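Inside the fold
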Amino acid sequence: MSEKKASNQMWGGRFASGPAAIMEAINASIGFDRKLYAQDIRGSLAQADMLAEQGIITTEDRDKIVGGLNQIKQEIEAGTFEFSARLEDIHMNVEARLADLIGPAAGRLHTARSRNDQVALDFRLWVKEELQRLDAALTGLIDAFLTRAEEHAATVMPGFTHLQTAQPVTFGHHCMAYVEMFGRDLSRVRDAIERMDESPLGAAALAGTGFPIDRQMTAKALGFREPTRNSIDTVSDRDFALEFLSTASICATHLSRLAEEIVIWSTPQFGFVRLSDQYSTGSSIMPQKKNPDAAELIRAKTGRINGHMIALLTVMKGLPLAYSKDMQEDKEAVFDAAETLDLMVAAMTGMISDMTVQSAAMKKAAGSGYSTATDLADWLVREAGLPFREAHHVTGRAVALAEEKKVTLDRLSLVDLKAIDERITDDIFSVLSVQASVKSRTSFGGTAPQEVRRQISYWRKRLKQDAGRAKLR
């Protein structure tokens, strides 16, 4: 059959002629929704089996449909399938080819189904599979951080607020901060899968169908927990896509913050880490340069993902129920965000896994900026009985003196400190070094090496338990 004839037949008898070229161009989505071919064929196979089981089509027609769909999948994967813009989308391209292969039996496949529930199914299946891929990728990134945290549970570095030296921490503790962040991302991914685990197939155009279909059967065949419960909402819902983009945006923001730290840490001024050649580039004019381009690109790509989220929110915000063609704009945003985030997570996992941690530079910086001042104030409260505000004032004077003498706090003499407050004893020197400061922070979730190792153990166990539960699902 000709493309024009096929197009008219797909639309139905009301239209006497094919679409104008401009209408065809704006209406077609096959340029991007061909990505859904596997999900579309999978849904059609489940539909054919259910229709035959319910006696709505014959088993002979079902077998022809199944054979034709499997051949179409092979053709697409072999690169021999001819996609047509005249046929608008992946659904009509597959259906037209099926008609070429098996004849009139192909027309029975669409019984009790609409393109509205068909696209909702295909897209939901794709997003669910992408979330499962993201689950595995984030688990790998968390594991890479746990490995670095184990190696550096006791490696001291400066902790920052306002990008100013605040208190000494360990690099392992800093790594575990990102474990927590990406752990929340992982939790959001799994929550999203749980919420979207419902099959749209059978909602038809918006009102359901009068055919005796079995939606439980198709839901189970397609790996969903259950079918959706309202046909109007089913075909007009894109919450699952919005939730994916929201999750992706938050995760990308975490990746961007980490990328920014890597950019800063890898400068000669900081020198905390050194990236491998695999994740760096050189300069075309300055031979000494080693640029953290992978980190910079991760930082930049976050804006792209955030833009996609805003774009789809804007598409959906004014749509009346049920389906509107506006919703065709949902896929490109999600496809690109998913591809971008996959690349960002993979690149970050690689950087964290093989970067060199410059422990000596971290240790040197940890003692700068009078980072143990809080330890001095705490000692005055705990050992000398001063109210904290008074202790804060005394400590400020000690910092001013150290600054004047151009030494760290632990290099001030006992005479110097007693001149500020006579209640200070030589026991003060047990808390003024960065190592002593770090070891003292033993509160739950603190930076003490023993506490860092406890949190690493918790996360190792948690990931192992999650993997065990995933195998049972």
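Now for a look at the structure at hand. (Residues numbered from 1 in each chain as written. Predicted model: local features only at pLDDT ≥ 70, side-chain atom pairs only at ≥ 80, totals over all residues. Heavy atoms only, no water.)

A word on the overall build of the chain. Looking only at helices and strands, one finds 19 helices and 6 strands in the chain. A compact globule built from 473 residues should have a C-alpha radius of gyration of about 23 Å, whereas the chain, at 31 Å, is more than 25% larger. The dimensions of the chain, computed from C-alpha atoms along their principal axes, are 100 × 50 × 40 Å. Counting over 473 residues, the chain shows a buried share of 48%. When contacts within the chain are restricted to residue pairs at least 6 apart in sequence, long-range pairs at least 24 apart make up 74% of them. Summing over all exposed atoms, the chain offers an accessible surface of approximately 22,800 Å²; the carbon and sulfur share of this is 52%. (Helix = DSSP H or I, 4+ residues; strand = E, 2+ residues; numbered from the N terminus. Rg over C-alpha atoms; globule rule 2.2 N^0.38 Å. Buried < 20%, exposed > 50% of the residue type's maximum accessible area, 1.4 Å probe, protein only. Contact = heavy atoms within 4.5 Å. Areas by Shrake-Rupley, 256 points an atom, 1.4 Å probe, with all protein chains shown as cover.)

Take the nonpolar core next. In this structure, Val127, Phe145, Phe182, Leu255, Leu341 and Met348 are the most contacted members of the largest nonpolar core, which totals 96 residues. In terms of residues, this core owes the most to one element, helix α11 (residues 239–265), which gives 15 residues. Ignoring anything within four residues of it in the chain, the contact list for Leu341 reads Leu134, Ala248, Cys251, Ala252, Leu255 and Ile305. (Core = buried A, V, L, I, M, F, W, Y, C linked by side-chain atoms within 4.5 Å.)

Our focus in this paragraph is a nonpolar patch on the surface. On the surface, Leu206, Ile232 and Leu321 cluster together into a nonpolar patch covering about 280 Å² of accessible area. Structurally, Leu206 is set in the loop between β3 (198–199) and α9 (215–221). (Patch = residues over 30% accessible without salt bridge, like charges linked within 9 Å, V, L, I, M, F, W, Y side chains within 5 Å. Salt bridge = Lys/Arg side-chain N within 4 Å of Asp/Glu carboxyl O.)

So, about the packing of helix α6 (residues 90–102) against helix α7 (residues 115–151). Across the interface, α6 lies against α7 with an axial gap of 10 Å and an inter-helix angle of 110°. As far as their axial angle goes, α7 and α6 are roughly perpendicular. On α7, the residues that touch Ile90, His91 and Met92 of α6 are Arg115, Gln118, Val119 and Asp122. (Axes fitted to C-alpha atoms, helices over the stretch in contact; angles between N-to-C directions. Parallel < 35°, antiparallel > 145°, perpendicular 65-115°, else oblique.)

Pairing analysis gives 6 bridges linking strand β1 (residues 156–161) to strand β2 (residues 164–170), with the strands arranged antiparallel. The partner of Met157 across the bridge, within β2, is Val169. Linking β1 back to β2 in an antiparallel pair, the connection comprises 2 residues, with His162 at a positive phi of about 55°. (Pairing = 2+ DSSP bridges.)

The next subject is helix α15 (residues 373–384). Taking 1.5 Å as the rise per residue, α15 with 12 residues should run 16 Å; its terminal C-alpha atoms sit 16 Å apart, in good agreement. Looking at α15, one finds that the buried residues are Ala373, Asp375, Leu376, Ala377, Trp379 and Leu380. Buried-residue contacts for α15 involve α16 (388–405) and α18 (434–440). Phi turns positive, to about 75°, at Gly385, one or two residues after α15. (Expected span 1.5 Å × (residues − 1).)

Structurally, Asp336 can be placed in helix α13 (residues 330–354). Taking the relative accessible area as the measure of exposure, Asp336 reaches 18% and is therefore buried. A polar contact of 2.7 Å, which involves the side chain of Asp336, links it to the side chain of Arg304. (Polar contact = N/O pair within 3.5 Å; in protein donor to acceptor, adjacent residues only side chain to side chain.)

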